[in-house]
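Here are the chains, one letter per residue:
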Amino acid sequence: MSARPTPVVLVTLAAVLAGGLGSLSSCGSPQDDYCAAVAEHRDELADLASRDTPQAALGLLGPFTQLSGDAPVDVADDWDLVVGRLRDLRGAAERADVDLATYDARHPPEGLAADRKADLTAAADALAAPDTRTAMSVLAQEVRDVCHTPLGL
């Protein structure tokens, strides 16, 4: 059985991208739409990354979905992976009818079906998996390369 990711692990994914967005002033690259979307969401992403909750990680879904739509083709698969993993976690929480702000895998709510708990665990594990972290690193590098944004992590 894999280790349960903590809220910190879930939000760390956001921090990789959001950590350096606060210093973005303008992009000036050929990818103006992408850089404009990054700039539009930078404060929100930084705020979500500063929180230590799985609920904050789910808050990334909206901005990440927009960024994925504006992203250069070379990182589309990375965005799809990250956004898909966030959607999977949200879906697992909805199907289990649990609030991720209060959910504790070690002490699940009474009556939570074993298959629902397993779905939640699998979704959280996938979000914290090495391939997701790699995708986030690729995305962070792309923001730096395309928008000339130092990450400052």
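Conventions and cut-offs
- Residues numbered from 1 in each chain as written.
- Predicted model: local features only at pLDDT ≥ 70, side-chain atom pairs only at ≥ 80, totals over all residues.
- Heavy atoms only, no water.
- Helix = DSSP H or I, 4+ residues; strand = E, 2+ residues; numbered from the N terminus.
- Contact = heavy atoms within 4.5 Å.
- Disulfide = S-S within 2.5 Å.
- Axes fitted to C-alpha atoms, helices over the stretch in contact; angles between N-to-C directions.
- Parallel < 35°, antiparallel > 145°, perpendicular 65-115°, else oblique.
- Left-handed = near helix turned anticlockwise from the far one by under 90°.
- Nonpolar A, V, L, I, M, F, W, Y, C, P; charged D, E, K, R; others polar.
- Expected span 1.5 Å × (residues − 1).
- Buried < 20%, exposed > 50% of the residue type's maximum accessible area, 1.4 Å probe, protein only.
- Phe/Tyr/Trp six-rings, centres within 6.5 Å; stacked < 30°, edge-to-face > 60°.
- Salt bridge = Lys/Arg side-chain N within 4 Å of Asp/Glu carboxyl O.
- pLDDT = per-residue confidence, 0-100.

Caption draft 1: Structural context of the overall build of the protein chain. On a plain count of helices and strands, the protein chain comes out with seven helices and zero strands. Secondary structure elements of the protein chain, listed N to C terminal, follow the sequence α-α-α-α-α-α-α. A fraction of 73% describes how many contacts in the protein chain between residues 6 or more apart in sequence connect residues 24 or more apart.

Caption draft 2: Fine view of the state of the cysteines. Under the defined criterion, the tally for this structure stands at one disulfide. A sulfur-sulfur distance of 2.2 Å marks the disulfide that ties cysteine 35 to cysteine 147. Residues cysteine 35 and cysteine 147 share a disulfide whose torsion about the S-S bond is about -105°; that sign makes it left-handed. Residue cysteine 35 is located in helix 2 (residues 32-50), and its partner cysteine 147 is located in helix 7 (residues 130-147); the two are separated by 112 residues in the primary sequence.

Caption draft 3: Structural context of the packing of helix 4 (residues 61-70) against helix 5 (residues 76-96). Relative orientation of the contacting elements helix 4 and helix 5 amounts to 155°, with a least axis distance of 10 Å. Classified by the angle their axes make, helix 4 and helix 5 are roughly antiparallel. Classified by chirality, the crossing of helix 5 by helix 4 is left-handed. Residues Leu61, Phe64, Thr65, Leu67 and Ser68 of helix 4 pack against Trp79, Val82, Val83, Leu86, Arg87 and Arg90 of helix 5. Partitioning the contact of helix 4 with helix 5 into residue classes produces seven nonpolar, two polar and two charged.

Caption draft 4: Focus on helix 5. Taking 1.5 Å of rise per residue, 21 residues should cover 30 Å, and helix 5 covers 30 Å from first to last C-alpha, within 8% of that figure. The set of residues buried in helix 5 consists of Asp78, Trp79, Val82, Val83, Arg85, Leu86, Leu89, Gly91, Ala92, Ala93 and Ala96. Backbone geometry just downstream of helix 5 places aspartate 97 in the positive-phi region, at approximately 55°.

Caption draft 5: Structural view of the packing of aromatic side chains. What the rule picks out here adds up to one aromatic pair. Judged by centre distance (5.2 Å) and plane angle (75°), the ring pair of phenylalanine 64 and tryptophan 79 falls under edge-to-face. With phenylalanine 64 in helix 4 and tryptophan 79 in helix 5, this residue pair connects regions lying 15 residues apart in the sequence. Of the two residues, phenylalanine 64 and tryptophan 79, both sit in the buried class.

Caption draft 6: Expanded view of the pattern of salt bridges. This structure, assessed with the given rule, holds four salt bridges. Note that aspartate 47 is salt-bridged to arginine 51, the shortest N-O span being 2.6 Å. Notably, a salt bridge pairs aspartate 119 with arginine 116, separated by 3.9 Å at the nearest N-O pair. Taken together, the residues aspartate 119 and arginine 116, both in helix 6 (residues 114-127) and three residues apart, mark about one turn of the helix. According to the relative accessible area criterion, aspartate 119 is partly exposed, its value standing at 32%. Look at arginine 116 and you get partly exposed, because its relative accessible area is 29%.

Caption draft 7: Quick peek at the confidence of the model for the protein chain. Chain-level pLDDT for the protein chain is 79 on average; 77% of the residues reach the 70-or-more range. Of all secondary-structure elements in the protein chain, the lowest mean pLDDT belongs to helix 1 (residues 7-18), at 48, while helix 5 reaches the highest, 95. Taken together, the stretch residues 7-12 has pLDDT below 50 and engages in 17 contacts with residues farther than four places along the chain or on a different chain. When the criterion is pLDDT under 50, residues 14-30 qualifies, and its contacts beyond four places in sequence or with other chains add up to 48 contacts.

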